Amino acid sequence: MISFVGAGPGNTDLITVKGRKLLQEADMVIYTGSLVSKDHLKCCKDSCEIYNSASMTLEEIVDKMEKAARKELKVVRLHTGDPTIYGAIREQMDLLDEKGIDYEVIPGVSSFTAACSAIKREFTLPNVSQTIILTRIEGKTKVPEEESLELLAKHKASMALFLSVRYMDRLVEKLKKGYGREDVPVAVVYKVTWEDEKIIIGTLKDIKEKVERAGITKTALILVGDFIKGEYERSKLYDPSFSHEYREASK
Ligand code: SAH
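Looking at an unreviewed UniProt entry, one finds the protein chain named Cobalt-precorrin 4 C11-methyltransferase, with Tepidimicrobium xylanilyticum as its source organism. As stated in UniProt under Sequence similarities (unreviewed entry), the record for the protein chain gives "Belongs to the precorrin methyltransferase family." Listed under Pathway (unreviewed entry) in UniProt, the entry text for the protein chain is "Cofactor biosynthesis; adenosylcobalamin biosynthesis."

So this is what it looks like as structure tokens:
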């Protein structure tokens, strides 16, 4: 069996129990070396074959998985965070489908939820935003025009931007245009849950300089929105005057 497994954002305790068990039993692990901690591999069997996919092509990766699967070996393809977000797993799965090889996908803790936890905030606040936009700015990979940051920012939803910290200049300009103001709170979280994690808090006005000063150019999540700082309403769920399925309103 081939298992695509989410390793979580960094700290090795943040993989799922299921993911850890698959790693312990694996005969072959192909891990995303650029972002997955090597410490995850400490739990693998001595006989486990280990490959770093950073220097491999899609075809090489799938070829290794195919050969192992045909020998009925257990393969883990270990991806950073949650594999379904910017994981480039679809192209691997499609090639496996073509070859008639079965696989499963085990979710993981994505870096965007880990980043929000690191700053001790909640994306979804009553009267602030009930929506989270996960996106990126255009880099080498194109982003559809309808999803330009400027247009998305007009929704005033809570946002988490992946793969974008290298382009702070362009990013801040587009967000300012979309929001129509400069005082929107921004948090940049570098290597969340790793030992060298860094958190930078600012607004659209000053975040670019702060990130530059901190020397952050990659492996960071950019969180944007009024959920980071400002007023919100209490939830109905724990409101004493509100009844629901599990609780009667108190007088
Ligand atoms: N599947 C991953 C995302 C992979 S894309 C997930 O669910 O988190 C790679 C991008 O994810 C990086 O450019 C960065 O924006 C973000 N990222 C991944 N790990 C991170 C971490 N530990 N800290 C901050 N950002 C991270």
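Attention shifts here to the pairing of strand β8 (residues 185-190). Counted residue by residue, β8 has six buried out of six residues, so it is predominantly covered. Side chains Pro185, Ala187 and Val189 project from β8 onto one buried face, and the interleaved Val186, Val188 and Tyr190 project onto a second face that is buried too. As judged from the five bridges shared by β8 and strand β10 (residues 220-224), these two strands associate in the antiparallel manner. When the bridges of β10 are listed, alanine 187 appears paired with leucine 223.

What follows is about the sheet that holds strand β7 (residues 158-162). Pairing in this open sheet of five strands is mixed, and the strands run β6-β7-β10-β8-β9 from one edge to the other. The open sheet has two edge strands with one neighbour each: β6 (132-136) and β9 (198-203). For this sheet the average axis-to-axis angle between neighbouring strands, irrespective of direction, equals 20°. Strands in contact with helix α6 (residues 168-179) are β7, β8 and β10; relative to β10, the strand with the most contacts, it is inclined by about 15°.

Definitions and cut-offs
Residues numbered from 1 in each chain as written. Predicted model: local features only at pLDDT ≥ 70, side-chain atom pairs only at ≥ 80, totals over all residues. Heavy atoms only, no water. UniProt positions renumbered as here; feature names shortened; annotations may be inferred. Buried < 20%, exposed > 50% of the residue type's maximum accessible area, 1.4 Å probe, protein only. Helix = DSSP H or I, 4+ residues; strand = E, 2+ residues; numbered from the N terminus. Pairing = 2+ DSSP bridges. Axes fitted to C-alpha atoms, helices over the stretch in contact; angles between N-to-C directions. Contact = heavy atoms within 4.5 Å.

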